[in-house]
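# Tertiary structure, described
If you want the building blocks of each chain, they are given just below.
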Amino acid sequence: MSRLRMGMIGVGGIAQGRHIPSFLELKDKVVLSAVQDVNEERAKEVAEKYNIPQVFSEYEEMFKEVDAVTICTPNKFHAEISIAALEAGVHVLCEKPMAITTAECEAMMEAARRNNRLLSIAYHYRYTPEAQLAKKAVLNNEIGDPLVTRVQAMRRRKVPGWGVFTNKDLQGGGSLIDFGCHLLDLALWLLDDPKPVEVMGKTYDRLSKTPGQVNDWGPFDHETFNVDDHVTSYITFENGESMQFECSWAANIKEDHTSLTISGVDGGVSVYPFELYQAKYGALLDSTAKIREGEPSPGLIQAGNFVDSCLGEDELIVKPEQALKVTKLMEAIYESSQKGSSVKFN
Ligand SMILES: NC(=O)c1ccc[n+]([C@@H]2O[C@H](COP(=O)([O-])OP(=O)(O)OC[C@H]3O[C@@H](n4cnc5c(N)ncnc54)[C@H](O)[C@@H]3O)[C@@H](O)[C@H]2O)c1
């Protein structure tokens, strides 16, 4: 079978840090054949560095030469470029979040359906070994029906000072849309996509709007900073489950931590680190896992699943309707914070 011809759109940090190395490692199945970036100088440099033969200044031209693309531009362009690619008959792996608004996500899904092309989103936390174990434990009914999920995606004083992360027009939001979205996606996936009923959300920006911040991830301009740096939310679901969610780029806490725990009827699971809490044999029983070194990276598994799905050899793990749900919840959190009251779904 011939190899999948892959193009990269937007060749900055994540393209070079994760996607390009992963596709290069899968060289038996995929050929990284083209790059495009509005920064043409960067596109040329990247093509040269990674031996990628074609450089395009317009993505429409690239679509004639590739079977699939990975989109790694600022969030504002995810929908527009994905739809253009799908309409041109090209499969799409788009960076997270799927898009800034639910309406954009729906238009992307519609374009994928209409053109019978694949669309997936790079929610790579699902491919971490701990998340894979947790998914198997939940599917294997180790915790029974889930009841309460707690999510914390917390960084101490680490506003990304580079790129466009603090620009609302280009990104749509800050800590929630950039970092919290990963854990929100992971939680919904582990819970098997429960239907949200009501969302209460509160967003903060006061810390980062204050001049002279001590920030571990480089300087940023507090005056132009116009996104959230800390977000809390309480979400209820139709099946009676609830989720306590918190994320931050810049909390005043002891140290960074990422945690996701689900307490179920028969047991509980923690993802980072992976632990299982059960009551068995008349005792409280805890299980831990030794994550072996040398496992394929989440980026490589993600790339492999996308390539295999495009070649008709596998099924997408991150489905667009799931990623849309994450954007819908984030939109509701922002709306709830702005209104000062909860948002209810029909
Ligand atoms: N999955 C993850 O963990 C993860 C991590 C970082 C970033 N991201 C996502 O990846 C995307 C890019 O982030 P990054 O950190 O690589 O940013 P970056 O600023 O390093 O790179 C973005 C690149 O896109 C180019 N670009 C901008 N507008 C464009 C357009 N209209 N068409 C083509 N190219 C365009 C820029 O010139 C730049 O080279 C964002 O959506 C971000 O949320 C995901």
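None of these values were measured; they are calculated from a predicted model.

This part takes up unusual backbone geometry. The amide bond that connects Lys96 to the next residue, Pro97, takes the cis arrangement and shows omega of -10°. By the element assignment, Pro97 lies in the loop between strand 5 (91–94) and helix 5 (102–115). Positive phi, close to 55°, is recorded for Asp193, a residue that is not glycine. Here Asp193 is to be found in the loop between helix 8 (175–190) and strand 8 (196–204). C-beta crowding within 10 Å serves as the criterion here: with 13 such atoms nearby, Asp193 is assigned to the partly exposed category. Phi at Tyr281 is positive, roughly 55°, even though this residue is not glycine. With respect to the element layout, Tyr281 can be found in the loop between strand 13 (275–280) and strand 14 (283–288).

It is worth spelling out the nonpolar core at this point. If you look at the biggest cluster of nonpolar residues, it comprises 96 residues, and the most contacted ones within it are Val92, Met108, Leu183, Leu184 and Ala187. Considering every element that reaches this core, the biggest residue donor is helix 8, with 11 residues. Per-domain counts for this core show at least three residues from each of domain 1 (4–125) and domain 2 (128–298 + 326–344). In contact with Leu183, other than residues within four places in its own chain, are Tyr125, Val151, Ala153, Cys247, Thr258 and Leu260.

What follows covers the site of the ligand. Near the ligand lie 23 residues; those nearest to it are Gly10, Gly12, Gly13, Glu95 and Gly163. Sort the elements by how many residues they give to the shell around the ligand and helix 1 (residues 13–25) lands first, with 3 residues. Tallied by class, residues from the shell around the ligand come to 10 nonpolar, 8 polar and 5 charged. Residue contributions to the shell around the ligand reach at least three from each of two domains, namely domain 1 (4–125) and domain 2 (128–298 + 326–344).

This part covers the UniProt feature "domain: Gfo/Idh/MocA-like oxidoreductase N-terminal" (unreviewed entry) in the chain. Here the UniProt-annotated "domain: Gfo/Idh/MocA-like oxidoreductase N-terminal" (unreviewed entry) positions come out as residues 4–122. Taken end to end, residues 4–122 is 45% helix and 23% strand, and its two terminal C-alpha atoms sit 18 Å from one another.

Our next topic: the environment of Gln278. As for its position among the elements, Gln278 is in strand 13. Taking the C-beta count within 10 Å as the criterion, Gln278 has 19 such neighbours and is therefore assigned partly exposed. Apart from residues no more than four positions distant in its own chain, Gln278 is found in contact with Glu142, Gly267 and Leu285.

Attention now goes to the pairing of strand 7 (residues 146–156). By the bridge criterion, 8 bridges tie strand 7 to strand 11 (residues 257–264) in an arrangement that is antiparallel. Within strand 11, the residue paired with Ala153 across the bridge is Thr258. Here strand 7 runs beside strand 10 (residues 242–251); their pairing, made up of 8 bridges, is parallel. Pairing of Thr149 across the sheet is with Met243, part of strand 10.

Let's shift gears to the environment of Ala250. Looking at the element boundaries, Ala250 is found in strand 10. Overall, Ala250 belongs to the buried group, with 26 C-beta atoms counted inside 10 Å. Each C-alpha atom, one on Ala250 and one on Arg157, is 3.8 Å from the other, the two residues being 93 residues apart in sequence. Each residue touching Ala250, except ones within four places of it in the same chain, is listed here: Arg155, Arg157, Lys158, Val159, Leu207, Ser208, Asp229 and His230.

About the criteria used
Residues numbered from 1 in each chain as written. Predicted model: local features only at pLDDT ≥ 70, side-chain atom pairs only at ≥ 80, totals over all residues. Helix = DSSP H or I, 4+ residues; strand = E, 2+ residues; numbered from the N terminus. Buried ≥ 20, exposed ≤ 12 C-beta atoms within 10 Å, placed from the backbone. Core = buried A, V, L, I, M, F, W, Y, C linked by C-beta atoms within 7 Å. Domains from an automatic or database assignment. Contact = placed C-beta atoms within 7 Å. Near = placed C-beta within 6 Å. Nonpolar A, V, L, I, M, F, W, Y, C, P; charged D, E, K, R; others polar. UniProt positions renumbered as here; feature names shortened; annotations may be inferred. Pairing = 2+ DSSP bridges.

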